[in-house]
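Now for the letters of each chain:
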Amino acid sequence: MPWLVYPMVALGLIVMVVLPRLTTAVPAPLVAILVVTTLVVLTGWDLPNVADQGELPASLPSLIIPQVPLTLETLQIIAPYALAMALVGILESLMTAKLVDGITDTHSDKTREGWGQGIANMMSGLFGGMGGCAMIGQTMINVKVSGARTRISTFLAGVFLLILVVGFGPAVGMIPMAVLVAVMIMVSYATMDWHSIHPATLRRMPLSETIVMLLTVGVTVATHNLAYGVIVGVNAAIVVFARRVAHFASVEKVSDDDVNGDGSVDERVYRVSGEMFFATSNDLVYQFDYSGDPARVVIDFTDSHIWDASTVAALDAVQTKYGRLGKTVEIVGLNGSSAARHRRLTGRLGESH
């Protein structure tokens, strides 16, 4: 890069930092672009500009049906890229929508956003466009710097961009890349939640949460692929959540009942508490005294919920163990969804041990 690139980046940063303190009547990034571009054009400095990055369109896009063979081989080629783009796109759009909701004190329909993005991407492809998603950088400039509050601002941003690119392509091509770098530096700084990495915050945060954050960032930086970082981060978060929830599940003996009135224990009641799923149900089989319990055992699920087939399989194993000793087990207190899941799966998950 020519050495003049760095002073121009610095100038753009100075304009965007100082101008908002003087006035907010005009967006600081727009002023920075105008100032730096005018300076470079008037002085004749040879700096990389937008035109150097590729030819700008000179006409409106037209409908083009992609000429590709509709075969399994084509799908195998494009599927990995399509899935990665879809994953990153929907996550960035949801993250952007959440940020905007917080800034504007509004609530957006995330499902509608997802449907809109998918339909728009399919239509864009038919006109030669690339896949896209919510742009967190442009959105933050639009909302925080320009004060936008409605969808009209997004629509007009697209209209103005179309007019600029198609109608004023040569002028747009003269914009130095240095000032656009300065804009993105400010966007990155404004987008970053600096409080989240403050030492005091990190000390208060659970270690597991910090590990998930570092894993996501580390994988993304190492692979230069946000999709990989997101996948690793989400899976790490799932493992952390499952491990944390597993500690809140318990089985305790609550009573021994003398049903016949002869002083002997004829019924034992166990109470299961917490969420029962694969991480908590693994040890369920070992929580009962099979040989020492009386002929009738009651397992109370009033304070619990069955989430998956592994818990049903564990309960089948418990009943099988008691059955081999000639004892009966009654499961009570199941809520509606747990009872339906247990009724649908019990006895149908293979041999219980």
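Residues numbered from 1 in each chain as written. Predicted model: local features only at pLDDT ≥ 70, side-chain atom pairs only at ≥ 80, totals over all residues. Heavy atoms only, no water.

Caption draft 1: View of the overall build of the chain. Looking only at helices and strands, one finds 14 helices and four strands in the chain. Rg of the C-alpha trace for the chain: 31 Å, well past the compact-globule value of 20 Å for 353 residues, more than 25% over. Principal-axis analysis of the C-alpha atoms gives the chain an extent of 105 × 55 × 35 Å. Put simply, the chain has 353 residues, and 29% of those count as buried. Taking contacts inside the chain between residues at least 6 apart in sequence as the whole, the part at least 24 apart equals 73%. Accessible surface for the chain amounts to roughly 22400 Å². Of this, 67% is attributable to carbon and sulfur atoms. Positive and negative side-chain charges in the chain, numbering 22 and 28 respectively, have mean positions lying 4 Å apart. (Helix = DSSP H or I, 4+ residues; strand = E, 2+ residues; numbered from the N terminus. Rg over C-alpha atoms; globule rule 2.2 N^0.38 Å. Buried < 20%, exposed > 50% of the residue type's maximum accessible area, 1.4 Å probe, protein only. Contact = heavy atoms within 4.5 Å. Areas by Shrake-Rupley, 256 points an atom, 1.4 Å probe, with all protein chains shown as cover. Lys, Arg positive; Asp, Glu negative; His and termini not counted. Charge placed at Lys NZ, Arg CZ, Asp CG, Glu CD.)

Caption draft 2: Geometry of helix α13 (residues 309-324). Its 16 residues place the ends of α13 23 Å apart at the C-alpha level, agreeing with the 22 Å of an ideal helix rising 1.5 Å per residue. For α13, the set of buried residues is T311, V312, A314, L315, D316, A317, V318 and Y322. Its buried side turned inward, α13 meets β2 (267-276), α12 (278-281), β3 (296-306), β4 (328-332) and α14 (336-345). The positive-phi residue at the C-terminal boundary of α13 is G326, with phi of around 75 degrees. (Expected span 1.5 Å × (residues − 1).)

Caption draft 3: Molecular detail of the pattern of salt bridges. Taken as a whole, this structure holds seven salt bridges when the rule is applied. Among the ionic pairs, D303 bridges to R271, the shortest N-O distance being 3.9 Å. Placement of D303 in strand β3 and of R271 in strand β2 is noted, with a sequence separation of 32 residues between them. The partly exposed category is assigned to D303, whose relative accessible area is 44%. The shortest N-O distance in the salt bridge between R296 and E330 comes to 2.3 Å. Taken together, the positions of R296 in strand β3 and E330 in strand β4 put the pair 34 residues apart, joining distant regions of the chain. Salt bridges sharing partners connect three or more residues here, namely E267, R296 and E330. (Salt bridge = Lys/Arg side-chain N within 4 Å of Asp/Glu carboxyl O.)

Caption draft 4: Spatial organisation of the confidence of the model for the chain. When pLDDT is averaged along the chain, the result is 87, and 96% of the positions lie at 70 or above. Predicted confidence in the chain is weakest over helix α5 (residues 136-145), with a mean pLDDT of 77, and strongest over helix α1 (residues 5-22), with 94. (pLDDT = per-residue confidence, 0-100.)

Caption draft 5: Structural detail: the packing of aromatic side chains. A full pass over the atoms with the stated rule returns six aromatic pairs. Consider the rings of Y189 and W194, whose centres lie 5.4 Å apart with planes at 40 degrees: the pair is tilted. Given a relative accessible area of 43%, W194 falls into the partly exposed group. Aromatic side chains Y290 and Y322 sit 4.8 Å apart centroid to centroid with 55 degrees between the ring planes, which places their arrangement in the tilted category. Of this pair, Y290 sits in the loop between α12 and β3 while Y322 sits in helix α13; the two residues are 32 residues apart in sequence, bridging distant segments of the chain. Accessibility expressed as a relative area gives 15% for Y290, which makes it buried. (Phe/Tyr/Trp six-rings, centres within 6.5 Å; stacked < 30°, edge-to-face > 60°.)

Caption draft 6: Representation of the packing of α5 against helix α8 (residues 177-191) in the model. It is at 9 Å that the axes of α5 and α8 come closest, and there the two elements cross at 80 degrees. The orientation of α5 relative to α8 falls into the category roughly perpendicular. Each of I136, G137, M140, I141 and K144 in α5 lies in contact with α8, whose residues at this interface are V183, V187, A190 and T191. Residues of the contact of α5 with α8, tallied by class, amount to six nonpolar, two polar and one charged. (Axes fitted to C-alpha atoms, helices over the stretch in contact; angles between N-to-C directions. Parallel < 35°, antiparallel > 145°, perpendicular 65-115°, else oblique. Nonpolar A, V, L, I, M, F, W, Y, C, P; charged D, E, K, R; others polar.)

Caption draft 7: View of the environment of W194. Mapped onto the fold, W194 is located in the loop between α8 and α9 (199-204). When the C-alpha positions of W194 and K321 are compared, they lie 55 Å apart, and in sequence the two are 127 residues distant.

Caption draft 8: Geometry of the pairing of β4. Across the two faces of β4 the burial differs, with V329 and I331 buried and T328, E330 and V332 not buried at all. Bridging between β3 and β4 involves five bridges; their strand directions are parallel. Within β4, the position partnered with V297 by the bridge is V329. For the crossover that starts at β3, traverses α13 and ends in the parallel β4, the hand is right-handed. (Pairing = 2+ DSSP bridges. Right-handed = clockwise from strand over helix to strand, strands pointing away.)

Caption draft 9: Inspection of α14 at higher detail. Every buried residue of α14 is listed here: S338, R341, H342 and L345. Projection of α14 onto a plane perpendicular to its axis shows the buried side chains occupying an angular sector of 95 degrees, all on one side. Turned more than 90 degrees off the buried face of α14, the exposed positions are G336, R343 and R344. Those residues of α14 hidden inside the fold are in contact with β3, α13 and β4. Where α14 ends, the next residue or the one after it, G347, has phi of about 80 degrees, a positive value. (Arc of directions from axis to C-beta.)

Caption draft 10: Highlighting the side chain of S93. Summarising the element assignment, S93 is placed in helix α3 (residues 72-104). Exposure remark for S93: the relative accessible area of 9% places this residue in the buried category. Reaching out from S93, the side chain makes a polar contact with the backbone nitrogen of A134 at a distance of 3.0 Å. Apart from residues lying up to four places away in sequence, S93 is in contact with Q117, C133 and A134. (Polar contact = N/O pair within 3.5 Å; in protein donor to acceptor, adjacent residues only side chain to side chain.)

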